[in-house]
Every structure is written in structure tokens, then in C-alpha cells.
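Structure at a glance
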Amino acid sequence: MSNPFTFSDFTISDLRRRPEFFDTVADRIWKAWWQESGYPLAYISTRPRENMAATPIPFALVAHDGNRFPGTASVIASDLEERPQLTPWVAAVWVEEAARRRGAGAALVNRAAQDCFALGILRAYLCARPRMSGFYEGLGWTVTERKVGRHQTSIFFRDACSAAGPFSSTP
């Protein structure tokens, strides 16, 4: 069976412009990172709700094609309690199973970084568990530290001067 998503099939928008995807974004973030720890969905929904404010950061991006939802990514002030001095972070990158390996994740991460740089930010960070390190390195992110915290995450950075990614999208 063919995959229903390809890069050309979706647009990336700020979630504030496509609020109909809010519940889906909250659900995916909760299931991916918080449900197993016993946090209720209602608690986690407050985090993406912060992305709906008219502030530069935090913000969330949503990939969409009509009512289809390939994925999401956010930019937040802090994502790793062990490194509170680092800011901002590309975080909560989620791609639906059917959209994986089709460009959605790369497009979301690149767009999140580009949007940071458009705000005048010179460096963005992200953290990833070891199994995802190769993905981010392939997108041009640089590892600055490995095996941080209880999940043994790697910390990556990307500078504005090296931000020319292969993808762009309309808001």
C-alpha cells in the first residue's frame, strides 16, 4: 500500500493560524512523551496552549493538508532542565507514522529553526534520544553534548548562519 503523505502534499503553518489542529497536537505530544509518566491529557494540554499566545516564543507549527495532519514541532524557551541557560529549543517534534520518511519531520524542524532565526535569534537548540541523533545530524544540526539527563539525550545546536535547509514552506 502506498504512503498517503509526501512532502509536496502538505503546508506548514503556525498553529495559531490553524487552531483546529490544537487537540491533535496536544494528543500526540501527550502520547509521545507524557502519558507513560502518568500525566493526564488535560495537564499536558496547557503546554501547547501557551503556543497560542501572541508572543514570539513559544510557538507551534503544524503540517497539514486539508484535514490531514502529518506532524508538528514547537519552539519553546527551555526543553532540558539540566541546561536551563540554553534557549530557545526546537521541541515536541512529532510525525505521524504514515508521514515518516517522507520529508515532514525534516521540513518541520527546518521551518522551526528558520522561524527562530527570523526573530533575530542566532542559535537554536534541540535534544534527542540516541536513536534520533543521526536524523538531526543529517539535517545539519551539530552535537554539542551527549548522554545528558535520565534519557541520555544528545544536545544539538544550529546557528543562523548555517540554517539554509533544503525545505521551505508557506505559512
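First, a word on scope: everything that follows refers to the structure included in this document. Small disclaimer: the values here were computed from a predicted structure and weren't measured. (Residues numbered from 1 in each chain as written. Predicted model: local features only at pLDDT ≥ 70, side-chain atom pairs only at ≥ 80, totals over all residues. Heavy atoms only, no water.)

All right, on to the packing of aromatic side chains then. Each aromatic ring pair is described using two quantities: the centre-to-centre distance and the angle formed by the ring planes. According to the stated counting rule, one finds six aromatic pairs in the structure shown. Note on Trp89 and Tyr125: the rings are 5.8 Å apart at their centroids and 40 degrees apart in plane angle, and the pair reads as tilted. Here Tyr125 lies in strand β5 (residues 123-128) and Trp89 lies in strand β4 (residues 89-95), a separation of 36 residues in the sequence. Tyr125 matches Trp89 in its accessibility class, with the two residues each being buried. An aromatic cluster of at least three residues, connected via ring pairs, comprises Trp34, Tyr39 and Tyr43. The ring of Trp94 is capped by Arg100, whose NZ or CZ atom sits 4.7 Å from the centre of that ring. (Phe/Tyr/Trp six-rings, centres within 6.5 Å; stacked < 30°, edge-to-face > 60°. Helix = DSSP H or I, 4+ residues; strand = E, 2+ residues; numbered from the N terminus. Buried < 20%, exposed > 50% of the residue type's maximum accessible area, 1.4 Å probe, protein only. Lys NZ or Arg CZ within 6 Å of the ring centre and 35° of its normal.)

Let's shift gears to the environment of Glu96. Along the chain, Glu96 falls in the loop between β4 and α4 (104-118). Apart from the residues lying within four places of it in its own chain, the contact partners of Glu96 are Arg28, Phe69 and Pro70. Side-chain polar atoms of Glu96 contact the side chain of Arg28, separated by 2.8 Å. (Contact = heavy atoms within 4.5 Å. Polar contact = N/O pair within 3.5 Å; in protein donor to acceptor, adjacent residues only side chain to side chain.)

Let's shift gears to helix α1 (residues 22-34). For α1, which comprises 13 residues, the first-to-last C-alpha distance of 17 Å matches the rise-based estimate of 18 Å (1.5 Å per residue) to within 8%. The complete set of buried residues in α1 reads Phe22, Val25, Ala26, Asp27, Ile29 and Trp30. Packing partners of the buried residues in α1 comprise α2 (41-44), α3 (46-50), β2 (59-65), β3 (68-76) and β4. (Expected span 1.5 Å × (residues − 1).)

Function cannot be read off these values alone, since they describe shape.
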